[in-house]
Amino acid sequence: MASISFHYSLFLLIITIFSSSKLANAANNTQNFHYFCDFNNRGNFTNNSTYQTNLKTLLSTLTSNTQINYGFYNFSNGQNTNKVNAIALCRGDVKNQNDCLSCLKASSNNLTQLCPNQKEAIGWYEDEKCMLRYSDRSIFRLLETGPAYYANNLANATDLSVFNETVRDLLDNLTQRASSGDSSLKFAADSARGPNDQTIYGLVQCTPDLSESDCSSCLVQSVARIPIDCCKDKIGGRVVRPSCNMRFETNFPFYDLTATPPPPLSTTNNTSSPPPPGKSKTTTIIAIVVSVVAIMVLILIFIYLRVRKRSKKFRIQEEEEDDDEIEISESLQFKLDTIRDATNDFCDENKLGQGGFGTVYRGTLPNGQEIGVKRLSKDSGQGDLEFKNEVVLVAKLQHRNLVRLLGFCIEGRERLLVYEFVPNKSLDYFIFDETKRACLNWERRYKIIAGIARGILYLHEDSRLRIIHRDLKASNILLDGEMNPKIADFGMARLFAVDQTQENTNRIVGTYGYMAPEYAMHGQFSVKSDVFSFGVLILEIISGHKNSGVRHGDTNEYLLSFVWRNWRDGSPTNIIDPTIINDSVNEVLRCIHIGLLCVQENATSRPTMASVVLMLNSHSLSLSRPSEPAFYVGSGAVDFQDIMMQSSEHNSGQESINKVSITELYPR
């Protein structure tokens, strides 16, 4: 086999979600070692601290553990804020345990040297095939696609249509095989015959603590990057993420061909041996009867367990009930005195915003960590309910595009939520200000749109619970130091069973303009309600106009009417904020198209968030024609209040009264 000149470009695209992320490709023991430090702004620990001691103990235990022989390690050490969590993974074809542990030990040494005193770090060895990460936050059973790095072979492929199709089919097949693996291994590798009698080798792997759907989602997203920014038309490439990795090469078997698991055997080729001669019919009949009885018993046991499992599923409590319990670890509970000290006794200088359910303050904990504290109004009838709902939900959520709940406090009449501090306020602070939105070029706006989409997708499909936010709006999208979006304010969110698609409510909560028509008028909400709100957000981000109206003299035209009219009349550039009119117009127009698909009046016509993320990631995917949006007024300019009055009149025949709570709180 002719040797192939195989040189990886130095990180053609590095996705560093946070500015403190670092990478390396240095000499000696760090050669071909790629790493990121503090990519979630977790902060630093001090030398000789309890956290450092716990980290050293954990890494030493992990890299010397010989009891685990399948190459996946997930351990924790310590308690509360000094707790360290670590995950280590060796590639599925590394079967020699000593080789695996040696790789992890080198990774441990590198990370502690290259990321000194930083609480969170991750590193991959390119040649020695292992990954190691640790953090002070929970990272187990959590789908995380960033930070990541992409790289490709410099050589171009030939017969591109056949080559690309072969690569796609190979990786799709491997994705199915790997994601269906068990809790010890989610790995698949194989080859396929490409054009010109070339052999294309492929490998995919997930951390085996992921569910089948999370593993599949991670790999599907990775494969989707091939024609975009990874390795388009190249003979080799890779996408490496914390939760999964994917690689393909041509004529280069980069993995151990003898150590890869075979594809699952087909059951259609199984044959049964004929019964040995001399067996009587009686024996055969007895065997059949016993088999049938055994099968019936198993079926009855299965039905019993199934019914019992369903009865134990969480039950969604009605919003009007006052006996919701906060089932959350006591380790998340802060003392009131600690919060008072952090916020200087809730002084006005630390006030960040105020809304219908309370006030948000900025604070600093004794360890120097900045926080945002949401102090619920003591006289708010809905305050306790919103507080309990938010604690129960948000404490279970971990995603880079969701604001992270650090803890809570209940003392006397005080109800406090403690969040990570997000420095750049909320999206509406920028996008609706003529001066400030100039700093949001299209690249930043597109990143915000894509980040919001990923966050909603996590809520709808990838978290342990299916969650409908119900109050997605610009003021509930916070921006971190790198202008990455984080969805906030889960006080109005509702839990759905996994197989549940729709629910009704007697009390409508949310903000007019972002509410889907079936929710505003009939109290019906589903994942498609959030899709509608997301569509409105897209159009606000692109146009710079609030959904409540685009001014025409003394009247306002509702944003969806304005957008649809210009789209229908062939003048979509009128929709675009003039400050970005010269930036990637085709991509902007595609996003307008996606936004219109999301705000269609018929909920079933709206795409799912999984489809939206795919549309945003794949520019080659064709989009269907949108239908007229909800609340569209064909006469052009009309006051937004007129539309809301029409909505109220439409609903006047219902017995229940829709009590709309319009919140303008800016949680930090």
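These numbers were taken from a predicted model, which means no experiment stands behind them. (Residues numbered from 1 in each chain as written. Predicted model: local features only at pLDDT ≥ 70, side-chain atom pairs only at ≥ 80, totals over all residues. Heavy atoms only, no water.)

Peer 1: How should the sheet that holds strand 4 (residues 84–90) be read in this particular structure?
Peer 2: Each strand in a sheet pairs with its neighbour through backbone hydrogen bonds, running either in the same direction (parallel) or in the opposite one (antiparallel). Pairing is antiparallel in the open sheet, where 5 strands are placed in the order 2-5-6-4-3. The open sheet has two edge strands, strand 2 (33–37) and strand 3 (72–77), and neither has a second partner. Neighbour to neighbour, the strand axes of the sheet diverge by 10 degrees on average, direction disregarded. Sheet contacts for helix 1 (residues 50–62): strand 3, strand 4 and strand 6 (130–135); angle to strand 4, the most-contacted strand, approximately 25 degrees. Taken strand by strand, helix 2 (residues 97–114) contacts strand 2, strand 3, strand 4, strand 5 (121–125) and strand 6, and its axis lies near 45 degrees from that of strand 6. (Pairing = 2+ DSSP bridges. Helix = DSSP H or I, 4+ residues; strand = E, 2+ residues; numbered from the N terminus. Axes fitted to C-alpha atoms, helices over the stretch in contact; angles between N-to-C directions. Contact = heavy atoms within 4.5 Å.)

Peer 1: I'm lost on the pattern of salt bridges in this one. Help?
Peer 2: Pairing is possible between side chains that carry opposite charge, provided their charged atoms lie close to one another. Overall, the coordinates contain 20 salt bridges when judged by the stated rule. Its salt-bridge partner being D136, residue R42 comes within 2.8 Å of it at the nearest N-O pair. In this pair, R42 sits in the loop between strand 2 and helix 1 while D136 sits in the loop between strand 6 and strand 7 (148–152), placing the two residues 94 residues apart along the sequence. In this structure, R42 and D136 share a single accessibility class: buried. Between R340 and E414 there is a salt bridge whose closest N-O contact spans 3.9 Å. Placement of R340 in helix 7 (residues 336–342) and of E414 in strand 16 (residues 414–420) is noted, with a sequence separation of 74 residues between them. Among the residues examined, E414 registers a relative accessible area of 4% and is labelled buried. (Salt bridge = Lys/Arg side-chain N within 4 Å of Asp/Glu carboxyl O. Buried < 20%, exposed > 50% of the residue type's maximum accessible area, 1.4 Å probe, protein only.)

Peer 1: Mind showing me how you'd approach the packing of aromatic side chains here?
Peer 2: Geometrically, a pair of aromatic rings is defined through the distance of the ring centres and the angle of the planes. Per the counting criterion, the structure on display carries 11 aromatic pairs. Consider the rings of F36 and W124, whose centres lie 5.9 Å apart with planes at 85 degrees: the pair is edge-to-face. Of this pair, F36 sits in strand 2 while W124 sits in strand 5, placing them 88 residues apart in sequence. With a relative accessible area of 1%, F36 lands in the buried category. Taking relative accessible area as the criterion, W124 reaches 5% and is therefore assigned buried. Aromatic pair Y429 and F430: ring centres 5.4 Å apart, planes at 85 degrees, arrangement edge-to-face. A relative accessible area of 34% places Y429 in the partly exposed class. Residue F430 is classed as buried on the basis of its relative accessible area of 9%. An aromatic cluster of three or more residues is present, and its members are Y201, F252, F254 and Y255. The ring of F254 has R247 sitting right over it, with the charged end atom 4.3 Å from the ring centre. One cation-aromatic arrangement involves R375 over F346; the distance from NZ or CZ to the ring centre is 3.9 Å. (Phe/Tyr/Trp six-rings, centres within 6.5 Å; stacked < 30°, edge-to-face > 60°. Lys NZ or Arg CZ within 6 Å of the ring centre and 35° of its normal.)

Function-wise, these values are silent; they only describe arrangement.
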